[in-house]
Amino acid sequence: DLCPAPDPVLQARLAGYAFTDKDFAWTLREVGRGEKHVLHWLRFPSALKGQVRESDVVWARYWEPLGPGTRRPAVILIHWLAGTFETLEIIGRRLAESGIPALMIYLPEYGPRASKDDPRKSAKLTRQDMDRAVANLRQGVLDVRRAGDWLASRPSIEPSRIGLVGISLGALIGALTLGVDDRFGRSVLFIGGGDLPSILLHDSRETAAARR
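A few points on the structure. In this text, all values refer to a predicted model and were calculated from it rather than measured experimentally.

Parameters at a glance
Residues numbered from 1 in each chain as written. Predicted model: local features only at pLDDT ≥ 70, side-chain atom pairs only at ≥ 80, totals over all residues. Heavy atoms only, no water. Salt bridge = Lys/Arg side-chain N within 4 Å of Asp/Glu carboxyl O. Helix = DSSP H or I, 4+ residues; strand = E, 2+ residues; numbered from the N terminus. Buried < 20%, exposed > 50% of the residue type's maximum accessible area, 1.4 Å probe, protein only. Axes fitted to C-alpha atoms, helices over the stretch in contact; angles between N-to-C directions. Parallel < 35°, antiparallel > 145°, perpendicular 65-115°, else oblique. Left-handed = near helix turned anticlockwise from the far one by under 90°. Contact = heavy atoms within 4.5 Å. Nonpolar A, V, L, I, M, F, W, Y, C, P; charged D, E, K, R; others polar.

**Digging into the pattern of salt bridges**
This model, assessed by the stated rule, comprises 10 salt bridges. Among the salt bridges present, the one from Arg-61 reaches Glu-89, with a minimum N-O distance of 3.4 Å. One end of the pair, Arg-61, is in strand S3 (residues 57-65); the other, Glu-89, is in helix H2 (residues 86-97), and 28 residues separate them in sequence. Judged by relative accessible area, Arg-61 falls into the buried class, the value being 17%. A relative accessible area of 22% means that Glu-89 is categorised as partly exposed. Between Arg-132 and Glu-109 there is a salt bridge whose closest N-O contact spans 2.5 Å. Of the two residues, Arg-132 sits in helix H3 (residues 130-152) while Glu-109 sits in the loop between strand S5 (102-105) and H3, which places them 23 residues apart along the sequence. Judged on exposure class, the residue Arg-132 and its partner Glu-109 are both buried. Taken together, the shared-partner salt bridges in this structure form one network comprising Arg-145, Asp-149, Asp-181 and Arg-183.

What follows is the structure, given as structure tokens:
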């Protein structure tokens, strides 16, 4: 559920992160196996449609520990702006080998969610116009919340012990998610810049396209 907000203005802002439908279909397919974990592809519909058709489906990698164990803590991994995933894949595998299920989602317009018909349709957040960037941030938060719902539904996972790990852009998405949804009690955010409007509007080369 959304964080409680007695302030009507804040309540209205939080409403933009509410789900219109809480039930959703999903598929889970095993794609690899190690001595201590199984790797799956998870796919489910995004709660918000984006400008790129492929982003309407959320893809995620799920590392599931092998062996007995119920009510485990779990973690959602959120990647950075550059869209390289190798480090988080290592983290996900190591967590699973330590008995902690880990789920890494691909943010809108990244990885398998990038446009396949025309790669130019997909762009990094800082090269998007402001409306598109804000829409993708909102979609990313909803995707993380829905990933949390999926993890909480797993019989082997303790719903009250699901956390986030976000790096850079992932830290921004993670912090916004924590402000919207208060159930992610244990989270770690790395090198995330605060005050997103200042980041986008500051006179820097990286955010020039967003400013325009």
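**Details of the packing of H3 against helix H4 (residues 169-180)**
Their axes nearest at 9 Å, the elements H3 and H4 cross at an angle of 65°. In terms of their interaxial angle, H3 and H4 are classed as roughly perpendicular. Between H3 and H4 lies a crossing whose hand is right-handed. Contact residues: H3 offers Leu-137, Gly-140, Val-141, Val-144 and Arg-145, while H4 offers Leu-169, Ile-173, Leu-176, Thr-177 and Val-180. The residue makeup of the contact of H3 with H4, split by class, is seven nonpolar, two polar and one charged.

Function-wise, these values are silent; they only describe arrangement.
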